[in-house]
Amino acid sequence: MSARSAPAAERNAEPIAQVLDRHAPETGRALELASGTGQHAAAFARRYPGLDWQPTDADPAALPDIRAWTEGCANIRAPAHLDAARPGWAARWSGFDLVLLVNLLHLISDTDAGTVLTEAAHALGPGGRFVLYGPFRRDGRLVSAGDARFDAALRARDPAIGYKDVEAVEDRLRAGGLVLCERVGMPADNLLLVAARPLFAARPEPG
Ligand SMILES: C[S@@+](CC[C@H](N)C(=O)[O-])C[C@H]1O[C@@H](n2cnc3c(N)ncnc32)[C@H](O)[C@@H]1O
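A quick note: this is a predicted structure, and the numbers were derived from the prediction, not measured.

**What to know about the overall build of the protein chain**
Scanning the protein chain for helices and strands turns up six helices and nine strands. Computed over its C-alpha atoms, the radius of gyration of the protein chain comes to 17 Å, within 12% of the 17 Å expected for a compact globule of 207 residues. With the C-alpha coordinates of the protein chain rotated into their principal frame, the extents come out at 60 × 45 × 30 Å. Within the span of the protein chain, comprising 207 residues, buried residues form 40% of the whole. Of all intrachain contacts in the protein chain linking residues separated by at least 6 positions in sequence, the fraction that spans at least 24 positions is 71%.

**Regarding the packing of helix 1 (residues 7-23) against helix 2 (residues 39-47)**
Interhelical geometry of helix 1 versus helix 2 gives an angle of 35° and a closest axis separation of 10 Å. For the pair helix 1 and helix 2, the crossing hand works out as right-handed. Packed against helix 1, whose contacting residues are Ala-9, Glu-10, Ala-13, Ala-17 and Leu-20, the element helix 2 presents Gln-39, His-40, Ala-43, Phe-44 and Arg-47 at the interface. Its residues assigned to classes, the contact of helix 1 with helix 2 shows six nonpolar, two polar and two charged.

**Here we look at the pairing of strand 9 (residues 191-196)**
Looking at chain direction, strand 5 (residues 124-134) and strand 9 are connected through six bridges and run antiparallel. Along strand 9, the bridge assignment pairs Arg-129 with Ala-196. Here strand 8 (residues 179-185) runs beside strand 9; their pairing, made up of six bridges, is antiparallel. Residue pairing across strands places Gly-185 opposite Leu-191, the latter belonging to strand 9. The antiparallel pairing of strand 8 with strand 9 creates a hairpin that spans five residues between the two strands, and Ala-188 there sits at a positive phi of about 60°.

Quick notes on the rules
Residues numbered from 1 in each chain as written. Predicted model: local features only at pLDDT ≥ 70, side-chain atom pairs only at ≥ 80, totals over all residues. Helix = DSSP H or I, 4+ residues; strand = E, 2+ residues; numbered from the N terminus. Rg over C-alpha atoms; globule rule 2.2 N^0.38 Å. Buried ≥ 20, exposed ≤ 12 C-beta atoms within 10 Å, placed from the backbone. Contact = placed C-beta atoms within 7 Å. Axes fitted to C-alpha atoms, helices over the stretch in contact; angles between N-to-C directions. Left-handed = near helix turned anticlockwise from the far one by under 90°. Nonpolar A, V, L, I, M, F, W, Y, C, P; charged D, E, K, R; others polar. Pairing = 2+ DSSP bridges.

Any functional reading would require information that these geometric values do not contain.
In structure tokens form, the structure reads like this:
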């Protein structure tokens, strides 16, 4: 079959991989949320052959594309249906060494984004990394005319969605027990965040 292709995924795969090179473990389990066409899954599973890569998406119609893009790649599991905004999913999907999420948060509501972040944090095992890429507001501001146009178009379509504040996203990750490792500027004014679940949970302060 001829699978769909996303030009954005074509463009951002290499810049994302350059940061992943610093954070992806040599071996372990990777969970990709909102995999879309599957282009990132195909590129990253090949680049990190020691990782056991699980692509997922909330849209069942995406799964055949993911299957087509990842065909013949030994370390990719069959794509799974996963709505990352459904509270509680990390009870089933847990213990991952890497969770990747590219270009979803601006397309969903604040409440759904909060759930995605909390569940993604819970899906990580000790030492696991959450890598999150997309467009964001910074200090409440959109940083370019292109971002302002895109955010306005999203909000015109649905007032509940649109760019999220990167500071609020980072706060949510901290509240989920993660430690922020990096905030990296990416092409086209996007940002990439890396957060980690500590290897050992801190003991509560003596009371
Ligand atoms: C802009 S595309 C990004 C796809 C891919 N990550 C990429 O960068 O090419 C957004 C994707 O998020 C998926 N999606 C939307 N809501 C979702 C949710 N609640 N949970 C998981 N995936 C979702 C859509 O089906 C779509 O494949």
